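Architecture and fold: a report
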Amino acid sequence: MDGNSSQSGSTAPVNLEFDDSISLKLTLHENMYNNDILHMLEQDGFITPDEKVEELSKNLTESKHLYALILLFENTQNQFSPKVLQDTLATLADPTPFDYYAEQSIARLELHLRTLIANLEKIWVTPMRLSTEFRDKIYNCLAKFAEIYQKTTQVIKEEIIIKKQNYNIDFLLIHLRDTLKSLRDDEAYYQEAEEPFMTASNITPEILSKDNSYLSQVRQSLSFKFPVASYYIDWRIMLIYQHNLFIWSECSEKIISRKICELALMESIWSILGREWKNAKSILDPQTKFDEISNKVTKALKNTFPDVLWFGMLDLAQKLIQRSTQKATYGLCYYLAIESLSKAPSNVIQFKSIELLLHLQYIDNRLFSVIEIDFDRYTQILLKNNSVNSLEKFHKLLTFVKEKAFEDVEFLNYNVKKEKRGDEKNLNQNTHLIEEQTSNSKILDVIADEMTCPISNEPEDQLCILKCQHTLSLNNLKKLRQKVCPVCRKQFDDDIRYLSQVSIHKNLYSKFFESGHILPLIELEDSTNNQYDSDDSNNSRDDMDYQDKKFNNITPNLLIDLSLQSGIFKKKQPYQYIIEELYEKNYEKAESCCREFLKSFPKSYAMRCILAYICRCLENYEQAHFYLTEAVNLKPKKSFAYFIQGEVYLRQYEYENAINSLKISINYKAVTNKIYMLLGDCYFLGANLCNNSNDKNNSYLATLDNYLIALKDYPYSYLCLKKCAYIYNKQKKYLNSLEMLDRLLNMNKGDSLILCYYGEILKKLGRYNEAISYFTDANLIDPENIHILNRRAISYYALQEYYKALSDLDKATQLNPLNSLTYYYKGLTYYAMEHIYDAVVAFEKCIEIDPNDNLAKIQLYFIDLNHDTVIEINQIPNISDNKSLLFVRCKIYIELGEYDKALLDFNRLFELYNEDISFIYLLQNYLNYWSYLCDYYKISDNDYRDIGIIENFIRYMYKVKKVYFISSISNILLKSDINSLSGRSFDAKDVHLNLKLPKLLLPYVKSQYLYIVWKICVKNILSKNANMNFIVNMGVESSLYYSLPDQHQKKEHRLNYDDLSKLVGLGWIEYTVPINIKSNKFDWVQPSVIANGPFIDMQIDYVRFMQFERDPIYFPKMGHLLPIYKFHPNILSSINFPKKETENLITPDDVIYYFP
């Protein structure tokens, strides 16, 4: 060949033999480029393949040009001159276009190397030879490409930190290396290797039924001048086989159809991978320890990286799905990838399996929506095996491959749209919850349809394709009495194509069996002598000889039960039919099928469970209980009936009955951990009905116990994590709640509800700046959500950034002018800014929207203060039981100078707040009131000066409320803090903490013991060696006693690094030191706190005495907002967990997996 090719130049489209809907769909590559780059070249006068290649080679920095070259080279009908092939190879081997290192160049480098391989493979099948010098020149260029890859990867790692290694490039470099080594300069041997394949193009089934001996002939015919890697022989055979299959399917004679071509290729890939899987040690094996793959690509040129043949087979499968429109091919590649992922011995195979699955998902998202569930199940197994390190690496790898796959398919022009997040405008959103997924049984159905013989009605391992394109198993073909197709009734001759599916059938047999495609315990009478007479009937059912089938030893197992013969099933197996109807939600049809089954097998436990599930879906709970009772009577120690029974009770709001049934199911070894989710839901929903606080708390504890068990197997259950976050918040375990929210945000950073809830908890902890950051992120996603704006406004208010608060509130009123809460906050903000008129207008607007808003009314009374105001306030019912209303009335009494009445409300507030003293923050500036209180409690101006107390407010707090403020100590570093009751706190940052308080007189109390409480805020621990000691010195006044044993005592309590770490991030807390002090034994105590170095960044506000021991950690209310704070809807209140989400925990998948 010289300058011209034998083809006209346009890339010939593949002739696809599919149904009408698929025949209209061109392959992906042709749809993209035949009407784009290549057609444009033809319009510009570049007609032949040679001309097109020469023109495209002028600009190899364009990705579209590279892809167009791949299409030209991979079209088996295109022929090129040796000169063009050699010149293009030299051009592609030049690494000059990659003279910079950036993340974006990685994708182009992969495409460039794939183009180089396509060029080299075309040379391999062309009668030409490369000189030793030229081949060595190309070979030496690979080292430069490897260096480019290595340095680019280093740049990525420097910028992004996490490892992002594109193993495709490692593999492509190895492929190029070994292919160049395999090329000889003394002969072109492809034709010799091709001979055994050509004999297979028109061979009888009798010959091929023995074995694939022609593959052995190919192996013997291959000879290499230089030694090659062990994997390469099988790899080269596969490439030759693939090339021949494509030629036979794409040539004008159409020796085989495209469908047979792809099934034959898939069979060979499955056969090779079957050998690879046999000895693989999977990452999922908890005993397996595997080494990380080196990221130094230069080593890849010297040593083959692990499982290169395995990786190559997956790469062939990925390329095949990109040029295929056969759903059976997609399905086989899906199971190929799933099996490879489950058996993956390293992250190399994980990478390729994930990439193949993601490409399938992009090609047909509806069919392969189950892939996300597959990823979840894989991570659950990693977690179950305690492979924490492997789990973290897998998550990073999955994230990277998803990003890469999206970029790949976007380039390939898939109709991919980025998912929009944050579209919901209210708080009741559940963005991560996935609707019912398409089952992988549908994927299996597609494969089974291509492998099913119409006579046996089951997938077969050896198929024969007749001239009419119908398929029979080899065994049934031999039994035909006449050469008539049992499907179309046409006669056929010996022009039959044999298609082995042995490896596929072997690997998928269990799945075919479980899904009902292969019936259990069915025997054919006289099978050795029976032959089918295709002339006996015009009905193909006669050819199937159904009357000869019988059932033996039927067991309650679902897959055995569903061997029913019934006209309603047609060609589908009964189990397959029922499951399909369940997935399609055709419950009435599924119920009818099940009833037919029970007529033949009246003692089927499994069928009663399925019928109960169907009745549950139809909300016919009475009938569901009927079937479940029958099932329990048949098999009282089987767990599944109790499982469904518990869920039915849950739907009926009978939580105690539901809990009992689910516990019985657990006792009988329930096979699904979803049962713990259901049990948690029962306790969770039941807690909302509890009137007693102890019962409610116990229900929440039981809820958490069950959810945490469920999360061990389902760590990414969105709803379960949300409920845990909600309960931890109710229990004031804020760090635990934040941990759950972190896990949710790792799964979905775009959930504005979770971001808002995160900010709300930070706000409770007084971490307002951090809270604002989360509210801002939530607002960016959901800018029209007024609840987010209101919450951020409160945080700005707390930081006294009033104009920012008003900006958010203005936006909220524009979005919803009828939200009274927003106007209330506006009134508070204006009042704090001393904009009295604006505050009045805002409060009046609030009352106009909600005339029953007593809190807004009392705020107006406070602004328009007079003695008549008190009369109007006292008309508000139950004011003495409402903290906010009572606080404002107390302030009004103080403003009017009626201190006696104010004191009554003041003391009542302490009762309502259960000794939480934070509310007094807003009363500190009423100096006359504190003077009144000191007079009332007979506290003189000279009292307590010896311990640094000089203000009446602090005197009162020490004398009456037993609180000593650290700000009273002189010569220590104090810091202004809005969260401090005194306005200033001790800052222990960068100091060696050694704080000793003065001797404090013990108050007279009736209780036997007193406890010391420190209000602290631990921000950071700077060393793992850090520890902190709380010390209490106790004694009696020496003037009162001459000599007493134990006159002085010293007790200590130490917090080590782990203890201190649990306090970090909690904000301001009251920490109760677990040291009891006998109140009748000592006169004074001297508390102190000492750290072992400048390792603890913390603040201290006060110490106080408590008469009872409570939980070590208590969260005081944020006093500057509490009395006037009007609570808005809880972001994750129980009403934000739709009951339908709880009810849909049991799916058809659970029914399938329970009866394996």
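About the cut-offs
Residues numbered from 1 in each chain as written. Predicted model: local features only at pLDDT ≥ 70, side-chain atom pairs only at ≥ 80, totals over all residues. Heavy atoms only, no water. Helix = DSSP H or I, 4+ residues; strand = E, 2+ residues; numbered from the N terminus. Buried < 20%, exposed > 50% of the residue type's maximum accessible area, 1.4 Å probe, protein only. Contact = heavy atoms within 4.5 Å. Areas by Shrake-Rupley, 256 points an atom, 1.4 Å probe, with all protein chains shown as cover. Expected span 1.5 Å × (residues − 1). Arc of directions from axis to C-beta. Salt bridge = Lys/Arg side-chain N within 4 Å of Asp/Glu carboxyl O. Phe/Tyr/Trp six-rings, centres within 6.5 Å; stacked < 30°, edge-to-face > 60°. Lys NZ or Arg CZ within 6 Å of the ring centre and 35° of its normal. Pairing = 2+ DSSP bridges. Axes fitted to C-alpha atoms, helices over the stretch in contact; angles between N-to-C directions. Parallel < 35°, antiparallel > 145°, perpendicular 65-115°, else oblique. Left-handed = near helix turned anticlockwise from the far one by under 90°. Nonpolar A, V, L, I, M, F, W, Y, C, P; charged D, E, K, R; others polar. Polar contact = N/O pair within 3.5 Å; in protein donor to acceptor, adjacent residues only side chain to side chain. Core = buried A, V, L, I, M, F, W, Y, C linked by side-chain atoms within 4.5 Å. UniProt positions renumbered as here; feature names shortened; annotations may be inferred. Disulfide = S-S within 2.5 Å.

Going by what an unreviewed UniProt entry lists, the chain is known as TPR-like protein and is assigned to Rhizophagus irregularis.

Looking now at the overall build of the chain. When helices and strands are counted, the chain shows 50 helices and 18 strands. Across the 1156 residues that make up the chain, the buried fraction comes to 58%. Sequence separation of 24 or more characterises 72% of the internal contacts of the chain that already satisfy a separation of 6 or more. Counting only carbon and sulfur atoms, one obtains 47% of the accessible surface of the chain, whose full area is about 50,700 Å².

Let us now look at helix H29 (residues 621–634). Count 3.6 residues to each turn of an α-helix, and residues three or four apart come out pointing the same way. Compared with the 20 Å implied by 1.5 Å per residue over 14 residues, the 20 Å span of H29 between its first and last C-alpha is a close match. Buried residues of H29: Tyr621, Ala624, His625, Tyr627, Leu628, Ala631 and Val632, and no others. Taken around the axis of H29, the buried residues stretch over an arc of 165°, which confines them to a single face. Facing away from the buried surface of H29 by more than 90 degrees, the exposed residues are Glu622 and Asn633.

Turning next to the pattern of salt bridges. All chains considered together, the criterion is met by 42 salt bridges. Across the salt bridge formed by Arg236 and Glu121, the nearest N and O atoms sit 2.8 Å from each other. Taken as a pair, Arg236 in helix H13 (residues 232–250) and Glu121 in helix H7 (residues 104–124) lie far apart in primary sequence, 115 residues in all. The burial state of Arg236 is the same as that of Glu121; both residues are buried. When the shortest N-O distance is used, the salt bridge between Lys901 and Glu898 registers 3.4 Å. The exposure class assigned to Lys901 is partly exposed, which follows from its relative accessible area of 42%. Among the ionic contacts, a cluster of salt bridges with common partners joins Glu110, Arg114, Asp315, Lys352, Glu355 and Lys404.

Turning to the packing of aromatic side chains, a few remarks are in order. Here the structure, examined in full by the defined rule, presents 47 aromatic pairs. With 6.4 Å between their ring centres and 90° between their planes, Phe887 and Phe919 make a pair best called edge-to-face. One end of the pair, Phe887, is in helix H44 (residues 883–895); the other, Phe919, is in the loop between helix H45 (899–912) and helix H46 (927–936), with 32 residues separating them in the sequence. On the basis of relative accessible area, Phe887 is assigned to the buried category, the value being 0%. Above the plane of the ring of Trp277 lies Lys343, whose end atom (NZ or CZ) is 5.8 Å from the centre.

To continue, consider the pairing of strand S3 (residues 497–500). Each regular strand shows side chains that alternate between the opposite faces of the sheet. Going residue by residue along S3, you find Arg497 and Leu499 tucked away on one face and Tyr498 and Ser500 tucked away on the opposite face as well. Relative to S3, strand S1 (residues 462–465) is paired through four bridges, and the arrangement is antiparallel. Paired with Cys464 across the strands is Tyr498, a residue of S3.

Further remarks concern the packing of helix H14 (residues 258–278) against helix H16 (residues 308–323). Packing of H14 against H16 leaves a shortest axis separation of 10 Å and a crossing angle of 160°. By the angle between their axes, H14 is roughly antiparallel relative to H16. As H14 runs across H16, the sense of the crossing is left-handed. Together, Arg258, Glu262, Leu265, Met266, Ile269, Ile272, Leu273, Glu276 and Trp277 of H14 and Leu309, Trp310, Met313, Leu314, Leu316, Ala317, Leu320 and Arg323 of H16 make up the contact between the two elements. When its residues are assigned to classes, the contact of H14 with H16 shows 13 nonpolar, no polar and four charged.

Quick look at the side chain of Gln1086 now. Relative to the helices and strands, Gln1086 resides in strand S16 (residues 1084–1091). Residue classification places Gln1086 among the buried positions, given a relative accessible area of 18%. Separated by 2.9 Å, the side chain of Gln1086 and the backbone oxygen of Leu997 make a polar contact. Discounting residues that sit within four places of it in the chain, Gln1086 has contacts with Lys996, Leu997, Pro998, Lys999, Ile1031, Val1032 and Asn1033.

This next bit is on the sheet that holds S3. Spatial ordering of the open sheet is given by S2-S1-S3, a layout of three strands whose pairing is antiparallel. Each edge of the open sheet carries a strand with a single partner, namely strand S2 (471–473) and S3. The sheet shows a mean angle of 30° between the axes of neighbouring strands, direction not considered.

Attention now moves to the environment of Glu121. Accessibility expressed as a relative area gives 17% for Glu121, which makes it buried. Each C-alpha atom of the pair Glu121 and Glu74 lies 8.6 Å from the other, and the pair is 47 residues apart in sequence. Once residues lying within four places of it in the same chain are set aside, the contact partners of Glu121 are His175, Thr179, Arg236 and Leu239. Within the structure, Glu121 has its side chain in polar contact with the side chain of Arg236 (distance 2.8 Å).

We now examine helix H18 (residues 347–363). Spanning 17 residues, H18 covers 24 Å between terminal C-alpha atoms, matching the ideal 24 Å at 1.5 Å per step. Most of H18 sits inside the fold, with 16 of its 17 residues counted as buried.

Before going further, it helps to examine the nonpolar core. Judged by nonpolar contacts, the single largest core of 195 residues is most densely connected at Phe906, Tyr929, Leu995 and Trp1014. The next biggest cluster of nonpolar side chains, apart from the first, holds 130 residues, and it includes Tyr67, Leu239, Phe375 and Ile447.

Mapped onto this numbering, the UniProt entry annotates "repeat: TPR" (unreviewed entry) at residues 752–785, 786–819 and 820–853. In this annotation, residues 786–819 is assigned 79% helix and 0% strand; the end-to-end C-alpha distance for the span is 9 Å.

Right, let's get into the state of the cysteines. Within this structure, the stated rule accounts for zero disulfides. Cys468 forms no disulfide, and the closest cysteine sulfur to it belongs to Cys488, at a distance of 3.7 Å.

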